[in-house]
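Chain and residue survey
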Amino acid sequence: MKYRIIPVTPFQQNCTLFWCEQTGEAAVVDPGGDVERILNAVEEEGVRLTKVLLTHGHLDHVGGTADLVARLKLPVEGPAEQDRFWIEGLAQQCAMFGFDPVAGFEPDRWLVDGDEVSVGDVKLSVIHCPGHTPGHVVFYDQESAVAQVGDVLFAGSIGRTDFPQGDHATLIRSIKERLLPLGDDVDFIPGHGPMSTLGDERRTNPFLR
Ligand SMILES: [Zn+2]
C-alpha cells in the first residue's frame, strides 16, 4: 500500500489517498472537503479512485463525500452504523461548525468489527473503536503495518469525547484493547496532526498512562 496525506477543511483533517501498487486502484479515506484538492492528488499520483472509506461521521471527515460520489459514482464504505445519527445530522453539523452546507448521503456499506475492505490487492481490517463517536472504525493494513485511525488517537493526544454519545472510558478501552495490541511498530495516520507509531504512544502518550 502506498499513501499520500491530504489535509482538508479549516480543521486540517488528514484525508488519505492510498492505493494498490499492483493494480493502481485507490481509495480515499475521510474526504472531509476540498474535493478539488483530493482529485488533483488522484491525478498527480496517476491512480484510479474506486471507493470512499469513512472512519466516522464527523463533518470534517465526511463533508466532501456526497460531492465525490456525485462526480465519480463511488461506493462508500463505513463507518459503523452507530454513527448514522452523525451522518443524518450533517446539516446541523455544518451550522454548528460554521461550514457551508453540504449534501447528505447514505453509506453503501456499514462496517462492523472484523470486516475486511479491499482496494485492489490491498486488504484492510476493520476495527471498531468507539469512544470519540459510537460508530468509529479504524482501517488497518497488516502487510504494510499502517493503521488509519481517524480521531481515536493522535500523536501525544486522543480524540475528544465531549460530543453526543462520546465516552472517555470507552475510548481508552478501544485504544488499549483494540489498537495497541496491533504492535509497537505499527505506524498510524491520525485524523489530525503528524503520524506516530503505536509504540511511541504506548510509551509516552499522557492519556494512556
Ligand atoms: Zn471526529
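Description of the pattern of salt bridges
- If you walk through the whole model with that rule in mind, you get 16 salt bridges.
- Notably, a salt bridge pairs Lys-51 with Glu-77, separated by 2.9 Å at the nearest N-O pair. Of this pair, Lys-51 sits in strand S4 (residues 48-53) while Glu-77 sits in strand S5 (residues 76-77); the two residues are 26 residues apart in sequence, bridging distant segments of the chain.
- Given a relative accessible area of 11%, Lys-51 falls into the buried group.
- Close ionic contact of Asp-200 with Arg-203 constitutes a salt bridge, the shortest N to O distance being 3.2 Å. Here Asp-200 pairs with Arg-203, and both are found in helix H7 (residues 198-204), just three residues apart, close to one helical turn.
- Note on Asp-200: relative accessible area 35%, which makes it partly exposed.
- It is possible to trace a salt-bridge network through shared partners that takes in Lys-51, Glu-77, Arg-109 and Asp-115.

Focus: the sheet that holds strand S6 (residues 116-119)
- The six strands are arranged S6-S7-S8-S9-S12-S13 in an open sheet whose pairing can be described as mixed. Among the strands making up the open sheet, the edge pair consists of S6 and strand S13 (196-197).
- Where strand S12 (residues 187-190) meets S13, two bridges bridge the pair, whose relative direction is antiparallel. When the sheet's bridge partners are listed, Phe-188 is paired in S13 with Ser-196.

Some thoughts on the coordination of the zinc ion
- His-56 (NE2), His-58 (ND1), His-132 (NE2) and Asp-151 (OD) make up the full set of protein donors to the zinc ion, lying at 2.2 to 2.3 Å.
- Of note is the zinc ion, whose four donor atoms meet at the metal with angles of 89 to 164 degrees in an arrangement that counts as irregular.
- Motif for the zinc ion, donor spacing along one chain: H-x1-H-x73-H-x18-D. Of this pair, His-56 sits in the loop between S4 and helix H2 (59-62) while Asp-151 is found in the loop between strand S9 (146-150) and strand S10 (153-154), placing the two residues 95 residues apart along the sequence.

A closer look at the pairing of strand S1 (residues 2-8)
- Bridge count between S1 and strand S2 (residues 13-19): seven bridges; the pairing is antiparallel. Paired with Tyr-3 across the bridge in S2 is Phe-18.
- Hairpin connection from S1 to S2: four residues lie between these consecutive antiparallel strands, with Thr-9 at a positive phi of about 70 degrees.

Let's talk about unusual backbone geometry
- Pro-79 follows Gly-78 through a cis peptide bond whose omega is -5 degrees.
- A positive phi is found at Gln-12, a non-glycine position, where the angle reads about 50 degrees.
- Its place among the elements puts Gln-12 in the loop between S1 and S2.
- Residue Gln-12 is classed as partly exposed on the basis of its relative accessible area, which comes to 44%.

Here we look at the layout of surface pockets
- As a volume, the largest pocket reaches approximately 250 Å³.
- Contributing to the lining of the largest pocket are 17 residues, with Gly-32, Gly-33, Asp-34, Gly-63 and Val-102 lying nearest its centre.
- Of all elements in the fold, only helix H1 (35-45) and helix H3 (65-72) reach the threshold of two or more residues within the lining of the largest pocket.
- Taken together, the residues of the lining of the largest pocket sort by class into seven nonpolar, five polar and five charged.
- Within this model, the second largest pocket holds a volume of roughly 180 Å³.
- Taken together, Phe-11, His-58, Asp-60, Phe-97, His-132, Asp-151, Phe-154, Gly-159, Arg-160, Phe-163 and His-192 form the lining of the second largest pocket.
- Taken together, the residues of the lining of the second largest pocket break down into four nonpolar, four polar and three charged.

A few points about the sheet that holds S4
- Strand order in this open sheet of five strands is S1-S2-S3-S4-S5, and the pairing throughout is mixed. With one partner strand each, in any of the chains shown, S1 and S5 form the two edges of the open sheet.
- Of the strands in this sheet, S1, S2, strand S3 (25-29) and S4 touch H1, which is tilted by about 155 degrees from S1.
- Its contacts with the sheet place H3 against S3, S4 and S5, and it is angled at close to 145 degrees to S4.

Cut-offs used in this document
Residues numbered from 1 in each chain as written. Predicted model: local features only at pLDDT ≥ 70, side-chain atom pairs only at ≥ 80, totals over all residues. Heavy atoms only, no water. Salt bridge = Lys/Arg side-chain N within 4 Å of Asp/Glu carboxyl O. Helix = DSSP H or I, 4+ residues; strand = E, 2+ residues; numbered from the N terminus. Buried < 20%, exposed > 50% of the residue type's maximum accessible area, 1.4 Å probe, protein only. Pairing = 2+ DSSP bridges. Donors = N, O, S within 2.8 Å, 3.2 Å for Na, K, Ca; no water. Tetrahedral: all angles 85-135°; square planar, octahedral: opposite > 155°, others 65-115°. 1 Å grid on protein atoms, 1.4 Å probe; cavity = no way out; pocket = protein on both sides within 12 Å on 5 of 7 lines; lining within 4 Å. Points joined across faces, edges and corners; volume = space filled by probe spheres on them. Nonpolar A, V, L, I, M, F, W, Y, C, P; charged D, E, K, R; others polar. Contact = heavy atoms within 4.5 Å. Axes fitted to C-alpha atoms, helices over the stretch in contact; angles between N-to-C directions.

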